[in-house]
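# Reading the structure
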Amino acid sequence: MATALTLHPDRLLPTGPAVRPIARRLYDSVSGLPIVSPHGHTDPAWFAGNQPFTNATELLVTPDHYLLRMLYSQGIDLERLGVARPDGSTPGTDARQAWRLFAANYHLFRGTPSRLWLDWVFSAVFGLDVRLQADTADHYFDAIGSQLATAGFLPRALFERFGIEVLATTESPLDDLRHHQALRRSGWTGRVITTFRPDPVVDPEFAGFRANLARLAELTGCDVADYTGYLDALRLRRHFFASMGATATDHGHPTAATAELGDREARALFRRVVDGPVAAQDAELFRAHMLTVMAGMSLEDGLVMQLHPGAWRNHNAALYARFGRDRGADIPQRTDYVRALKPLLDRYGNESRLTLILFTLDESTYARELAPLAGHYPALKLGPAWWFHDSPEGMRRFRRQVTETAGFYNTVGFNDDTRAFCSIPARHDAARRIDCGYLAELVAEGQLDEDEAAGIAVDLAYHLPRQAYRL
Amino acid sequence: MATALTLHPDRLLPTGPAVRPIARRLYDSVSGLPIVSPHGHTDPAWFAGNQPFTNATELLVTPDHYLLRMLYSQGIDLERLGVARPDGSTPGTDARQAWRLFAANYHLFRGTPSRLWLDWVFSAVFGLDVRLQADTADHYFDAIGSQLATAGFLPRALFERFGIEVLATTESPLDDLRHHQALRRSGWTGRVITTFRPDPVVDPEFAGFRANLARLAELTGCDVADYTGYLDALRLRRHFFASMGATATDHGHPTAATAELGDREARALFRRVVDGPVAAQDAELFRAHMLTVMAGMSLEDGLVMQLHPGAWRNHNAALYARFGRDRGADIPQRTDYVRALKPLLDRYGNESRLTLILFTLDESTYARELAPLAGHYPALKLGPAWWFHDSPEGMRRFRRQVTETAGFYNTVGFNDDTRAFCSIPARHDAARRIDCGYLAELVAEGQLDEDEAAGIAVDLAYHLPRQAYRL
Amino acid sequence: MATALTLHPDRLLPTGPAVRPIARRLYDSVSGLPIVSPHGHTDPAWFAGNQPFTNATELLVTPDHYLLRMLYSQGIDLERLGVARPDGSTPGTDARQAWRLFAANYHLFRGTPSRLWLDWVFSAVFGLDVRLQADTADHYFDAIGSQLATAGFLPRALFERFGIEVLATTESPLDDLRHHQALRRSGWTGRVITTFRPDPVVDPEFAGFRANLARLAELTGCDVADYTGYLDALRLRRHFFASMGATATDHGHPTAATAELGDREARALFRRVVDGPVAAQDAELFRAHMLTVMAGMSLEDGLVMQLHPGAWRNHNAALYARFGRDRGADIPQRTDYVRALKPLLDRYGNESRLTLILFTLDESTYARELAPLAGHYPALKLGPAWWFHDSPEGMRRFRRQVTETAGFYNTVGFNDDTRAFCSIPARHDAARRIDCGYLAELVAEGQLDEDEAAGIAVDLAYHLPRQAYRL
């Protein structure tokens, strides 16, 4: 039996009668602002090619590791959801069957942000007005599929409809950025920029590291077997990415360790790392050293630095062997910043011209380490609640634990950080609602005047990300 | 001067006018459900023998380490509270005097869950209508004592009055389960089952480990000096416990470390552990290895596994020497799960047929480690807020930090985990109130529809524990 | 354009209609109580000399590391704020210019407690009724400056106007306490007492440690090159401090490590530490040992012990080189208490006559370690939310994470811990409001009766600090 699907107009706003009206006023003043998305993982090919998305399963389920992990946790095999094996094969998968399986398990997402984002997509993007469950699965699959085939649902049309002012994707330094180049040539006015993510050539434990270096040499003509040539090659790729619109780099490391090695020590380490096999501590030290090197390059070329540490990638060995990366088996770990960042901060922490945006999966560091660090060092800013914590309660914890020490102006607004294109407006909307709710509580408690809160709301939604990411 | 004792009908429900009515409706729909208590520490002898409890002090104070620790922290000697020495002697104790001392210090428990549970017991079980304080101590002692002597307050009568559908106790693998056997023979229909807690024969640092192994050999006829015989003996005891109703095992380890040793390595370690003296790292490795072994046995015999790590037992050496275990001197420690559980998860994490329920005393792991792990691995579920965190704020933190990543359906409902029999309904009632409050907030914030919340409320109170513990 | 500055009469109280009236009643019953300030860093010279404060910048900005760190984080050079170099010079600084710079950046403090405290000072102390911003900077500077020159704004007059019953300062054991002696001789009835902070002669890594020992020898006539003489010297200084009113010692260590060394081991370690250079682990072990020694001395002389661990002091090496200590570059670190304190607790933890007040910068220890420890050991009490956590949300987290295990009576009320004299009443007022709000929530949720809450509110604001600090 179908149940109505409606989006509560005051969803995620505080429920207290003294607070909600304030929150509502603040939210009304920011809900229509353009979306600035300075960090994410959408595919630039979508916008370059502007081909229609295929069906509900491939658009909404298979690429979304938030969904895969939850379904898998309840014993649902990823193959039945249409997830491809590393060789690209999807044996025995039928998109409609996969969607039905998803629909029948949609209750698993109650209380999670995935439910919020998806309901928004269903209602606001596809106009669906019944709840997704087993007996509405086909209706959904058909309704979404038929709309996706129309012009109004092509990637560029959705981009414009979503009110996206700028969207950053993330690419390997070995990427030729052909889609970004095609976009530039296309004459389309949507602003899609790249981000420089050097992990494949900077992390000795990245899959194919040595082959990646060989490819780096090919792309740049540099002798990357030599440390100086290697750094030159990185500079050239950074320059190329910047020419394709990049204003930022991104670094996904297992820890936040940084180091500053002397030239001789650095060359010797690079030698060991290139020659292999690489000891775990050499790999860690090289990543650590390269973060400091990258900070130096950022001072040269002005690219903003982002550090995303703390995930144990591919924790489930068997699943990784079957399906590869990004299938929901990454698990956060305890992360130290105070000792880890000191070498980099000793060298560059007092540089106002550098912006290093820190993220964490370890919320215990918000009030203890990150807010004190960002509330002191001119080079540091705090990224928003990330990944598992990009959720209503997660965002509330972020503001409540960070603001009192770091204020609002050492934070950088919201990142959607997503591969799920259609959820981008839902995510920004949720963040704006949570931030307005937080601000409204400060007003209702007499900690801020409402005119100040209104200014901050606009800053968080729009100005801070533009400033922090130099957009 | 006596003050009225009343239980607020809406206690522990959210106070906001937009939320409380929803919470009240949800709570009304679950408040009368039977109690499923799949993990606890009541004494099966109570129900087997069905003898009257003696007095207020022995029923409510002396066995409750929550009370002892708080009173002791304020300089009150445990001997004055009637706590027995290890030799069983209770020099100079008078139950009434001890009760008066407790009553005069009852204010210490303001703001703690003990206060909530006790007030419920006083009011709902014993019909007391004045607050406990120095000048009502004798009234309490007399009123409770006289009721305990009546038929309606015998253990089985209380069990039935409390609406307990099933109650699990916890026993050593060396226990002959005579009380459980007597219960089965008695014809009483109350369902009291045991739980297999193998620590005494699996943890080389457990008091009397080698003597325990000798006893294990006696009970099973196995040659436990041999590793194969030792494993056979464990299998036999598990089988015996299952025949006495056990559906679960429970493992209380200092850490969550797991390991998987090869056969030769395991035999050599077992040899060292049995021969003694045992090095700390050998003890840790053996416990770690045995967790993985036990997971394998659970796959064989279907017993659900529970892991309770992270307590530094008997932190107060002097108190332990005087009074022995479980006197309130256990202190939680930082606990890692991500690295610790990997060996077991590598072997069995993808097994949907295994259920490993994780608990923690380190709340910083809720959102960072436990929810991501349970929200991915089919074998994992999350136990409820445990021990120090089994409290209104503790349960709220659990839901707020776990749900957004793990959802509701990777959790297992409530455990009362108590030795304090009379508090069982109070504890389940508190959990139901907190869960309904949390759900009501999701409804009021537009994150869930009320019909969904109502379904979840019943699942949390009743269906999830039955399913997770295979009851 | 000037905007009105008003202090909301219900600021920081919960906003829910069922809670606020209760909170308001509770707050009204404690708002006028005298201020007991048992721990802080004001300068006794102010009260001894009773000279007028100079201007707004020197009174409110330059000594306040909360303000300096935030302004510095946004790229504002400390020299422009009038911060002196270690040689005392303040090149190119003009107090009015510095104030203007501060005023133009006052928006950075939105959402921080500094904003709350300062607005209180502006409004309640100086009668200002417009908000501080760039275009009111001069008005502020003039209005504050002219008032500071009047009799009613002399340090003693403010002390009396603030309703301070007792104020503890903190001094080095090498301090001759001349200001405290002058105060005693002056006949002024304001109670200003000292606190014994032995770090300069107990921490081998403290700047000038060996010179400090030499000075200790001079002051006491003891042979501090000998371990026995060193301990005697410490006893003499403690005795002298106690004679100047001290009721407490304070220990600021990087960690909470304690140790108990045998006499021979202690003497050998002392020898190494005095002879230098000091290995990091020797320094840590010596501090650890001395905490246990100091606990023993506290049992002798009755001084209450305070332990403030967990700050990485002077994390910003370059800033430290330019400006010295206490400029906002201290960063908290993860802190362990359970293992760290065990040696001291094994020796003295069961002593009801000892009071050791624990503080933390690592909130993850509140519920996990500190509340269980303080809720068990007679010698332990918990200090209030400290430093970065002395804020509305920080104080709420403290109560919510501590109370359910440790109750209220293992806590010690509020510390303002400040160098910012004028903010003392604002800080105590904020703490009272937050505590009353927390209590009101317990009442509204049916966890406490209002008469109990009212009693606790007075205990927290007044009786507990007097008792815990033996004032």
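Residues numbered from 1 in each chain as written. Chains lettered and ligands numbered in written order. Predicted model: local features only at pLDDT ≥ 70, side-chain atom pairs only at ≥ 80, totals over all residues.

This part is about the overall build of chain A. Broken down by element type, chain A carries 20 helices and 9 strands. Here the C-alpha atoms of chain A give a radius of gyration of 23 Å, agreeing with the 23 Å that 2.2 N^0.38 yields for 471 residues. For chain A, the spread of C-alpha atoms along the principal axes amounts to about 70 × 60 × 45 Å. In chain A, which comprises 471 residues, the share counted as buried stands at 57%. A separation threshold of at least 6 residues defines the contact pool for chain A, and within that pool the share at least 24 residues apart is 78%. (Helix = DSSP H or I, 4+ residues; strand = E, 2+ residues; numbered from the N terminus. Rg over C-alpha atoms; globule rule 2.2 N^0.38 Å. Buried ≥ 20, exposed ≤ 12 C-beta atoms within 10 Å, placed from the backbone. Contact = placed C-beta atoms within 7 Å.)

Residue and element names in this part refer to chain A. Contact pair helix α17 (residues 365-374) / helix α18 (residues 392-406): the axes reach a minimum separation of 8 Å and the direction vectors enclose 40°. Classified by the interaxial angle, the pair formed by α17 and α18 is oblique. Considering how the two elements wind past one another, α17 and α18 form a crossing that is right-handed. Along the contact surface, α17 presents Tyr366, Ala367, Leu370, Ala371, Pro372 and Ala374, while α18 presents Phe398, Gln401, Val402, Thr405 and Ala406. (Axes fitted to C-alpha atoms, helices over the stretch in contact; angles between N-to-C directions. Parallel < 35°, antiparallel > 145°, perpendicular 65-115°, else oblique. Left-handed = near helix turned anticlockwise from the far one by under 90°.)

Least-squares fitting of chain A to chain C yields an RMSD of 0.0 Å, with the superposition described by an axial translation of 0.0 Å and a rotation of 120°. Here the copies are linked by what is in effect a three-fold axis. In this assembly the copies use different faces: only 8% of the residues contributing to the interface of chain A also contribute to that of chain C. (Least-squares fit on C-alpha atoms with pLDDT ≥ 70 in both.)

Residues and elements named next belong to chain A. Structurally, Trp46 can be placed in helix α2 (residues 44-49). Sequence separation of Trp46 and Tyr72 is 26 residues, and the distance between their C-alpha atoms is 28 Å. Excluding residues within four positions of it along the chain, Trp46 makes contact with Pro155 and Phe421.

Here we take up the sheet that holds strand β9 (residues 380-382) of chain B. All names here are of chain B. Strand order in this open sheet of 4 strands is β4-β5-β8-β9, and the pairing throughout is parallel. This sheet does not close on itself; its edge strands, each paired only once, are β4 (248-251) and β9. Strand-to-strand twist of the sheet, defined as the mean angle between neighbouring strand axes without regard to direction, takes the value 25°. Pairing of strand β5 (residues 304-307) with strand β8 (residues 356-358) involves 3 bridges; the strand directions are parallel. Each bridged residue has a counterpart across the sheet, and for Gln306 the counterpart in β8 is Ile357. The strands touched by helix α14 (residues 280-301) are β4, β5 and β8; relative to β4, the strand with the most contacts, the crossing angle is about 175°. Packed onto the sheet, helix α17 (residues 365-374) meets β8 and β9 and runs at close to 130° relative to β9. (Pairing = 2+ DSSP bridges.)

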